[in-house]
Amino acid sequence: MHKMKNLADKKILFIICGGVAAYKSLELIRLFRKNKASIRTILTSSAKKFVTPLSITSLSQGKVYEDLFNIENELEMDHIALSRWADVIIVAPATANTISKLASGNAEDLASTVILASNKQVYLAPAMNVRMWEHQSTKDNLKTLKNYGYKVIGPTTGDMACGEYGEGKMSEPIEIFNEIQNFVENRKENKKIKALVTAGPTNEYIDPVRFISNKSSGKQGYEIAKSLHKRGFDTTLISGPTNLDIDQEIKLIKVETADEMFKATQKNLPTDIAVFSAAVSDFKIDVKSKDKIKKKERLNIKLERNVDILNYISNHNSMRPKLVIGFAAETKNLESNAMKKLKNKNCDWIVANDVSKENIGFNSDYNEVTIHYNDLKKNKETLSHKKKSEISEEIVDRIVTHMN
Ligand code: PMT
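In this text the structure is predicted, and so the values were computed from the model without any measurement. (Residues numbered from 1 in each chain as written. Predicted model: local features only at pLDDT ≥ 70, side-chain atom pairs only at ≥ 80, totals over all residues. Heavy atoms only, no water.)

Peer 1: Whenever I open this one, the sheet that holds strand E2 (residues 38-43) confuses me. Can you help?
Peer 2: Within a sheet, neighbouring strands are paired by backbone hydrogen bonds and run either parallel or antiparallel to one another. One open sheet holds the six strands; their spatial order is E3-E2-E1-E4-E5-E6, and the pairing between them is parallel. Edge positions in the sheet fall to strand E3 (64-65) and strand E6 (151-152), since each of these pairs with one other strand and no more. Sheet analysis places strand E1 (residues 11-16) next to strand E4 (residues 88-94), joined by four bridges and oriented parallel. Paired with leucine 13 across the bridge in E4 is isoleucine 89. (Pairing = 2+ DSSP bridges. Helix = DSSP H or I, 4+ residues; strand = E, 2+ residues; numbered from the N terminus.)

Put into structure tokens, the structure is as follows:
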């Protein structure tokens, strides 16, 4: 039996596309409404052939939007405000056509524009003929969307409206409801949990204009901060120099040197979760020259050790975060070196990546990692080659499970 949940403060934006399964969306809307969620709905032009704006308004008790350029709607709530209004966006049914449009960043109608402009979690509940579902282009499009962080629910297997049998039926409304309700509830709980992420390289100055650094772009750490924020965590990102932007709702602290990163990290304690993905320089210049060093035959620079931020925080007795996750960037003996770091740096988890490979690790959009747990029952898990955004989503899935 369906257990009632109070979703009174939750805002759900439904996008209904043109497919036979559109009638099931009415039941989905009814479930959310019964649980007191606020609902707004966008109908694509072909959706109107299957369901009417009137039936949806009556069920949802909320406004139904149809056109991108509607003066009345734009005055009341423009398409950007509509995408910000929602806590979560559900596309159900998500047709092959809409999936293809979203994968290519199309913004020709209200539905695709709102999704493209959104910074919220988007759920897709695909529904289509089995051959369309199995087509390589649909698979590729969904892979792209998963890389962008979209979540996909279903489809299931069964008899189709077209008379064929196979995979492609939209999941049952109660299954979609349960998954989204879980996400929304977790998000509410996560708002009380603080998460800190370090990202990017550090610059260690030789003189006022020259420094030692490394190839870290910050991409992996920024993606982790984004995924944490999307799940509702109160997220702080401490970043070395990068060219990246981040959502304004994430507290961003820009630093340059390891010493600055260390101070910023200490200042942001206590935190519940700490993820150390920064490539902090192990060394700094012993004595930095006050003036620009003049050209000479040979220059000897003396280096001294930087503080190990991860090590310090994970051994911080009174303020050790509940979950400390380190990274290990290795060029050889990946597993044994990562295991040493897990133990020596007192981490709960260590995420190991092989930075000798060209297509992953430093400055790539992709990564391939193994998470080693200090909990011997869990041991280790490998996340195969995929976009850093997807690696981050999978790491954060595990963080959510752990914290809850
Ligand atoms: O930034 P990208 O281009 O996206 O690349 C991602 C990445 C390769 C930088 C990332 O996936 C990664 O591996 N980050 C850790 C890089 C690193 O410095 O690893 P390490 O094995 O040297 O250090 C082990 C751990 O100690 C790391 O969590 C590191 O943040 C931390 N550390 C190291 C030295 C130091 N002085 N302070 C630290 O906190």
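The discussion continues.
Peer 1: Sorry, what's going on with the pairing of strand E17 (residues 323-330) here?
Peer 2: Sheet faces and side chains relate simply in a regular strand, where the side chains alternate between the two faces. Most of E17 is tucked away: seven of the eight residues are buried. Of the pairings in the sheet, the one linking strand E14 (residues 273-276) to E17 comprises four bridges and is parallel in character. The residue bridging isoleucine 273 from the neighbouring strand is leucine 323, located in E17. Taken together, the six bridges between E17 and strand E18 (residues 349-354) define a ladder with parallel strand orientation. Among the inter-strand pairings, alanine 328 is bridged to a residue of E18, identified as alanine 352. Once the chain exits E17 it traverses helix H13 (residues 334-344) before rejoining the sheet at E18, and the crossover so formed is right-handed. (Buried < 20%, exposed > 50% of the residue type's maximum accessible area, 1.4 Å probe, protein only. Right-handed = clockwise from strand over helix to strand, strands pointing away.)

Peer 1: Help me understand the environment of isoleucine 29 in this model?
Peer 2: Topologically, isoleucine 29 is positioned in helix H1 (residues 22-34). Each C-alpha atom of the pair isoleucine 29 and leucine 228 lies 28 Å from the other, and the pair is 199 residues apart in sequence. Each residue touching isoleucine 29, except ones within four places of it in the same chain, is listed here: Phe14, Ile16, Ile39, Thr41, Ile56, Leu59 and Ser60. (Contact = heavy atoms within 4.5 Å.)

Peer 1: Hey, could you run me through the site of the ligand in this one?
Peer 2: The full set close to the ligand counts 28 residues, and Ser216, Ser217, Ala278, Lys341 and Asn353 are the nearest of them. One of the backbone nitrogen or oxygen atoms of valine 307 is found 2.9 Å away from a nitrogen atom of the ligand. Elements with a minimum of two residues in the shell around the ligand: helix H10 (219-230), helix H12 (309-314) and E17. Per element, the largest residue contribution to the shell around the ligand is four residues, and it comes from E17. Looking at the shell around the ligand residue by residue, the classes come out as 12 nonpolar, 10 polar and six charged. (Near = heavy atom within 4 Å. Polar contact = N/O pair within 3.5 Å; in protein donor to acceptor, adjacent residues only side chain to side chain. Nonpolar A, V, L, I, M, F, W, Y, C, P; charged D, E, K, R; others polar.)

Peer 1: Explain unusual backbone geometry here, please?
Peer 2: Keep in mind that most residues, glycine aside, have a negative phi and that most peptide bonds are trans. Each neighbour pair has its own omega, and for glycine 154 with proline 155 the value is 0 degrees, a cis peptide bond. Along the polypeptide, proline 155 turns up in the loop between E6 and strand E7 (156-159). Between leucine 269 and proline 270 the backbone carries a cis peptide bond, its omega angle lying at 0 degrees. Relative to the helices and strands, proline 270 is located in the loop between helix H11 (258-267) and E14.

Peer 1: What should I look at first to understand the nonpolar core in this one?
Peer 2: Most often, soluble globular proteins have nonpolar side chains that are buried together. With 30 residues, the main nonpolar core has Phe14, Ile16, Leu28, Phe32, Ile90, Ile176 and Ile180 as its most contacted residues. Where this core is concerned, the elements lending two or more residues are E1, H1, E2, E4, strand E5 (121-126) and helix H9 (173-190). Other than its neighbours up to four places away in sequence, phenylalanine 32 contacts Leu7, Ile12, Phe14, Ala37, Ile39, Ile90, Phe177 and Ile180. (Core = buried A, V, L, I, M, F, W, Y, C linked by side-chain atoms within 4.5 Å.)

Peer 1: Honestly, the packing of aromatic side chains in this entry has me stumped. Any pointers?
Peer 2: To describe a pair of aromatic rings, one takes the distance between the centres and the angle between the planes. Inspection of every chain in the model, using the stated rule, returns seven aromatic pairs. Ring centres of phenylalanine 262 and tyrosine 312 lie 4.9 Å apart, and the angle between their planes is 85 degrees; this geometry places the pair in the edge-to-face category. On the criterion of sequence distance, the pair formed by phenylalanine 262 in helix H11 and tyrosine 312 in helix H12 is long-range, its members being 50 residues apart. Taken together, the ring pairs connect Phe14, Phe32 and Phe177 into an aromatic cluster. Looking at lysine 63, its charged tip hangs above the ring of tyrosine 65, at a distance of 5.8 Å from the centre. (Phe/Tyr/Trp six-rings, centres within 6.5 Å; stacked < 30°, edge-to-face > 60°. Lys NZ or Arg CZ within 6 Å of the ring centre and 35° of its normal.)

Peer 1: Is there a simple way to explain the pattern of salt bridges in this structure?
Peer 2: Oppositely charged side chains can form a pair if their charged atoms are brought close together. Within this structure, the stated rule accounts for 26 salt bridges. When the shortest N-O distance is used, the salt bridge between aspartate 9 and lysine 10 registers 3.2 Å. Residue classification places aspartate 9 among the partly exposed residues on the basis of a relative accessible area of 45%. Each of the salt bridges in this network shares a partner with another, and the network as a whole consists of Lys151, Lys230, Arg231, Glu393 and Asp397. (Salt bridge = Lys/Arg side-chain N within 4 Å of Asp/Glu carboxyl O.)

Peer 1: Would you take a moment to explain the domain arrangement of the protein for this structure?
Peer 2: Accessible area lost upon the coming together of the parts serves often as the stated size of an interface. Entries for the protein in the domain assignment read domain 1 (11-188) and domain 2 (191-403). Here the C-alpha centroids of domain 1 and domain 2 sit 36 Å apart. Each partner contributes to the interface: domain 1 provides 10 residues, whereas domain 2 provides 14 residues. Surface buried jointly by domain 1 and domain 2 totals about 1,100 Å² across both partners, of which 37% is contributed by carbon and sulfur atoms. Taken as a group, Asn119, Asn147 and Arg187 account for 48% of the area that domain 1 buries against domain 2, more than any other trio of residues on that side. At the junction of domain 1 with domain 2, the criterion picks out two salt bridges. For lysine 151, the salt bridge is made with aspartate 397, and the minimal N-O distance between the two is 3.9 Å. (Domains from an automatic or database assignment. Buried area = accessible area lost by both parts, 1.4 Å probe.)

Peer 1: I keep staring at the environment of glycine 105 and nothing clicks. Help me out?
Peer 2: Structurally, glycine 105 can be placed in the loop between helix H5 (96-103) and helix H6 (110-117). Exposure remark for glycine 105: the relative accessible area of 33% places this residue in the partly exposed category. Between the C-alpha atoms of glycine 105 and leucine 7, which are 98 residues apart in sequence, the distance is 31 Å.

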